[in-house]
Structure formats: C-alpha cells, structure tokens
Amino acid sequence: MTSKLNLLSTIIKQASADKLFNLLNSIDGKKDLILDKELICSLDYIASFSQLKICKVEKVFKLEPGAAPGGTDKCVYLIKPTIQNTKIIADHIAASKSIDNNKKFWIINVPRKLFTCETVLEREGVYGHVKQMELPLGFLCIDKDLFSLELPDFFNSFYVKGDLTYVHTAAMALVQLCKICGPLPKIFGQGKCAKMVIDLMNLIMKETTFDSGGSDKLSHLVILDRDIDYVSVLLSQLTYEGMLDEFFGINNGRIIFPKEVTAKDESIKVVLNSSDVVYSEIRNNYFASVFSLLRDKAKELQAKSETSSMSIGDIKKFVTQEMKNIRQQHTSLSLHIGACEVILNTKSEENFQERLRIERDILDGQNLRECLTYTEDVINKQDTYSSALRLMCLLSISQDGLLSADYESLAIQFRQSYGCKYVSTLYKLKKLGLLTEQAPLLPPSTARSSKITEVATNKATKIAEKVATAVAFPKYSSFRAISKKFSLIPSEEQNIDLKTPTDMSYVFGGTYVPLVGKITEQIVVHGTLKNLEENMKLLPGSTLINYKADKETGYVIPTKGIASKTVFVYVLGGITFAEVAALRLLGQLHGCKVLIGTTSFISGKSLLKALSPVDES
C-alpha cells in the first residue's frame, strides 16, 4: 500500500514540475526567477534549485518593492495573481524602462492570470512590456497520503465573498488527478461548491484523454464543502498534530519551533511528514498519550546506541549505516519533547480540562447557562479573541442561534474587551451562520400598533426568553437533528479508548465524530450513500451521487472488497488535522486506502484570523 501511495505522490510531483520546467525552457537563455513569498515553500515541493539551474535559472529572488533584481536581461516572476504583487512588478518594469534597460519580463501566474491584474498592468502603462503565462500547479504532495492546493484564502474567497475564482483551480486539480489515475467511477459529495467543482470537472474532461500513468486507480471520490461541518473546526483539536497547528501553526507542511521548544537562541523550521520516523509515530495520537510514546522511543534509541557489547565489525557497521539515522531521530525526539512541554505548561495555566468540559456540555445541550457564564469569563479575562469567538460560535450552532438577550450581551462584552475593530468579524460570522441570533419567540408588532403595545411585546419577548433559558432544556436545533441522524456525539456508555482508538471521535477526546469521517465511512463500508440519502438533506447544499449503475438493478456497482477500495476525500474550504487523523484511522480500521485532498489546512484559530481585520493571535 505504501509503495503505491509513494508512486502517486511522485507522479503528481513530477507532473507539476514538468509544467514549470516547460514554461521556463520556453524562455530562451539565462534568466532570473523572482518568487512571491507565498510560493517559496510550495516551490520546494516540486523542484530543487539544481533542477532550476538546468532550465538556465541563474538566481532566485524574493519579490520585493524597488528595482528589478538580478544580473541577467530576463526576469521571470512566479506569483499569485494579486493586485499588490502586480503593482510591485509594474514598478519594476517602469523603473527598468526609465533607464533604458533592455530587460525583458515574464509573469507566471499561479494558478492562472486574472483580469484585475491585467487591468493594473494596463493602468500603469506596462501591459505591452510583459508576457503573461499560467501555471496550474494542482495538488502539492504534503505527505504520501495528503495533498493540498495550499490556497488558504479559498474559504474567505468563496464562502464569505462569493468569489468563484478558485472553483476552476479546484476542478483542474481533479482533472490532473484523473489524468494520472484514470476516470473517477464513483463520485459522492455534498455542498454548493462541491457541485460547481464536479460540474466544471466533467465539462473539462469531455475533451480530455486519460492515461493511468502506472498509479493506483481511485475507486471513489468523496467531495465535501467545509460549511457542512463547522463544529470540527471550532472544537479543540486533541491529536498531537492538531495541537501543533493550534499552538505554533503548520504552513505548507512546515512548522517553526520557537526558542522555548528548541532550548537554543534561535527558532528552527522543521518539515512535518512521514519521513520523520519519530513524528510519524506520534502525529495522529491523542495528545495525553504522546509523552509515554516519546519516553519509550527515547529508551529504544538509547538501546540502539549502546555499543559496549558490539564487536569491531558491528561498531563499524553501526557507524556507517545507523548512526546518522539515530542522530536524526534524537534531534527530532528532543524537539517534540520540547513542544509537548510548552503545550502542556500553557494548557495547565489555562485550565484546559475545564474548557473541554464546557465544549462537551455545549454539544450535549446541557448546563447552557453555565457555558454562557464561562464564555463571558473568557471574554472579560481578555483571553485571545479567537478563543472567545470559538465558544460563542459553538453556542450559536448548537442552538440554531443565541437568544436575542444573550447575543446582544455577548456582542457588547466582546466589543468592549477586544475593540470595535472586530465588528466586521462579527458580521462575517453572522453571514456564514456561525454566530447568529434566534428569531424572536413572539411575532413583532405591526406598524399600526401603539407604542404601549410595542413596549409590552418587547418585554413579553424578553420574559419568554428568560423563561426558556431558566428551564434549561436543550433546544432541538438542526445541529441536534444532524448529530443524532449521523451519530456524531458518542454516548457516555461507549467508553471511547483514546490511547488505542477504534472510534474517530478520539480526535476530540470522545466528544464528537467529524462529519467528514462519518460520510466517508459510509462510502468505505457500503460503497454508496444510499443509507444516508435522507440524512444528507439536512446538510447545506446539493447532494452529489454520480456513478455507473448496474443495468439490471439500477444500483451502484459494488467494489469487490473493502481492501480493494482507494477513496479520495476532497474537502473544499480547508480540513483540520484532527479530521485528517480521523480519516487515517478509518483507513486503518477497514484496511483500505484513504487519500486526503484539500484546498488548505484550517483550524478554529486560522479561520477566525482569516475573518478578522488585524493580524494577531
């Protein structure tokens, strides 16, 4: 299984590299390459500098304001097509032409050029001095089973602004996958964006020929919108990899460990993937069990390093073959122990267990008044704004909106604690349905009613809300209907084993099963959504069921066995590392291959940061 996964990732990487090399080779002679800083890490996944040198790239620079860098007469810009980047390039070209420089300019847009950027070039008077190209990179291979477009602004663009620019990019990534693995025989999905992507993919594929390319064929595609399950984003992730993302941030498969972790005078950037033996063993584990695993690993390495009982020949073999690998594992072990200590110390100060209990109560619809009081305390203590908003959003989702009085009270306290600059954030959350106000229990008074009647109605509404709150019965919301139909909240009797899990809810401490995992499980076990079709109607957007049916029964043609299935799960708008761990467990439990694709990786912290006007934690 591992060799086939490595083959797929290698083919995808090579396909992206070939596209880049063909564009660079189409520009004759020596050239300088100027990179958008957001693409530097992405380029590392597909090409090395030595490979760029073969394409006659002399030097690589970072895109910055000022004069055009480089000593050659050809400048090639590899950028994301933004107005800011285009303006910098326009200034480079204008400065070069003002001194009668003979430099020539090319722009390689990733993934494609935009009309708005062409307008900027035209307005700056340099449109005729630059040639534009497109580079649809497709998926980047973050790991052997993990693929990402690395488009962190996809969520904001589509779900908040309603911009469809990236739909084409998401569809082209699937087309590239089909060229490598062959056509997708069975497609299942949910959501507005998912339907757009599949419709566009089918349109493009009508004019596309397929070649398996030697890679394993995919048996099923599961494509899902992010907005079908925001709870998985807002809950505290409890896998080690999820914790790292929450605390330090994982970008492009890389993490920067601060001085507190490294115990040195400088931070260290580390690549996080399965090539790191220590990390691959602990990444998907429940955080509380990681320390014991690291301790066992330390003892194992110590035993391997013991040479006192070795012969001269064994010592020579050890030095030449194993020592380097053991040193690398020692270094990795030291970093991950340091990271665990920093996380543990911070969580102890924050009384993390209390927060987890509150999250559980919110999802269960229990002790809601206590949960509300806890949220107010988080706001008034001026904990991070994202921490407060996550609780507010969970309260809102679990009840189909907050009571008017509670919503108004929390909004006022939030603005007083964090400032009015977050008014736009509250508006965006309301637009997304994450933080909303319930409709009044009593109908509003008509225009003809007297002022006295209107006041009386308002008072009656507030009294009714207070009574509803005081009764403390959980409100039966659409979230409760969804969680019940899909069995997303395990009962207390299940006794979820967190150290050696057999249930996907372990990623949230046994509190909640990611909906992405539940839908994928249905496909893995039954090969169809037939048993969930009615339940899927509770979710936003359209349900996609596209497969080759049996001519006699009309039902989906079953795959011969679970072990022969290769399911590609594609989440549009971002996936959390907790969901990734849940899907990996699903594949292990059922003995099939589950590949994971996404537009980017997301967490509650990064989601709220994207919706906020300021860049702070």
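Look a little higher up for the structure.
Residues numbered from 1 in each chain as written. Predicted model: local features only at pLDDT ≥ 70, side-chain atom pairs only at ≥ 80, totals over all residues. Heavy atoms only, no water.

## Some thoughts on the environment of leucine 607
So, step 1. For leucine 607, the position within the fold is in helix α25 (residues 604-610).
So, step 2. The exposure class of leucine 607 is buried, given its relative accessible area of 2%.
So, step 3. Expressed as a C-alpha distance, the spacing of leucine 607 and asparagine 156, which sit 451 residues apart in the sequence, is 8.7 Å.
So, step 4. Leave out the neighbours within four places in its chain, and leucine 607 touches Phe155, Val233, Leu434 and Ile602. (Helix = DSSP H or I, 4+ residues; strand = E, 2+ residues; numbered from the N terminus. Buried < 20%, exposed > 50% of the residue type's maximum accessible area, 1.4 Å probe, protein only. Contact = heavy atoms within 4.5 Å.)

## Regarding empty space enclosed by the protein
Rolled over the atoms, a probe as big as a water molecule pinpoints where empty space is left.
So, step 1. Tallied over the entire structure, the rule returns four cavities of 30 Å³ or more.
So, step 2. Looking at the largest cavity, its volume works out to about 50 Å³.
So, step 3. Of the residues in the lining of the largest cavity, the class split is five nonpolar, one polar and three charged.
So, step 4. The residues that make up the lining of the largest cavity include at least three from each of domain 2 (138-229 + 501-616) and domain 3 (240-305 + 320-347). (1 Å grid on protein atoms, 1.4 Å probe; cavity = no way out; pocket = protein on both sides within 12 Å on 5 of 7 lines; lining within 4 Å. Points joined across faces, edges and corners; volume = space filled by probe spheres on them. Nonpolar A, V, L, I, M, F, W, Y, C, P; charged D, E, K, R; others polar. Domains from an automatic or database assignment.)

## Some remarks on the pairing of strand β11 (residues 254-257)
So, step 1. Both strand β10 (residues 250-251) and β11 contribute to a ladder of two bridges, which runs antiparallel. Note that in β11 the partner of isoleucine 250 across the bridge is isoleucine 255.
So, step 2. Counting the residues in the hairpin turn of β10 and β11 gives two residues, including asparagine 252, whose phi is positive at 55°.
So, step 3. One ladder, built from four bridges, connects β11 with strand β12 (residues 268-271); its direction is antiparallel. Of the residues in β12, the one forming a bridge with phenylalanine 257 is isoleucine 268. (Pairing = 2+ DSSP bridges.)

## Considerations on the packing of aromatic side chains
So, step 1. The full count for this structure, using the stated rule, is 20 aromatic pairs.
So, step 2. By way of ring pairs, the aromatic residues Phe154, Phe155, Phe158, Tyr159, Tyr166 and Tyr230 are connected into one cluster.
So, step 3. The ring of tyrosine 45 carries arginine 254 above its face, with NZ or CZ at 4.9 Å from the centroid. (Phe/Tyr/Trp six-rings, centres within 6.5 Å; stacked < 30°, edge-to-face > 60°. Lys NZ or Arg CZ within 6 Å of the ring centre and 35° of its normal.)

## Some words on helix α24 (residues 577-590)
So, step 1. Its 14 residues give α24 an end-to-end C-alpha distance of 20 Å, which sits within 8% of 20 Å, the value for a rise of 1.5 Å per residue.
So, step 2. In terms of burial, α24 is a largely internal element, eleven of the 14 residues being buried.
So, step 3. For α24, every residue scored as buried is listed here: Phe577, Ala578, Glu579, Val580, Ala581, Ala582, Leu583, Arg584, Leu585, Leu586 and Gly587.
So, step 4. Remark: glycine 591 follows α24 within two positions and exhibits a positive phi of approximately 65°. (Expected span 1.5 Å × (residues − 1).)

## Some thoughts on the nonpolar core
So, step 1. Core analysis: the largest hydrophobic core is formed by 172 residues, its most contacted members being Leu78, Met201, Ile223, Leu244, Ile519, Tyr570 and Leu572.
So, step 2. For this core, the leading source of residues is helix α7 (residues 165-181), giving eleven residues.
So, step 3. Every residue in contact with isoleucine 519, bar those within four places of it in the chain, is listed here: Val222, Leu224, Ile228, Phe486, Leu529, Met536 and Leu539.
So, step 4. Membership of the second largest hydrophobic core comes to 15 residues, among which are Leu63, Ile79, Ala90 and Ile107. (Core = buried A, V, L, I, M, F, W, Y, C linked by side-chain atoms within 4.5 Å.)

## Focus: the sheet that holds β12
So, step 1. Spatially, three strands are ordered β10-β11-β12 in an open sheet, and the strand pairing comes out antiparallel. A strand with exactly one partner marks an edge of an open sheet, and here the two such strands are β10 and β12.

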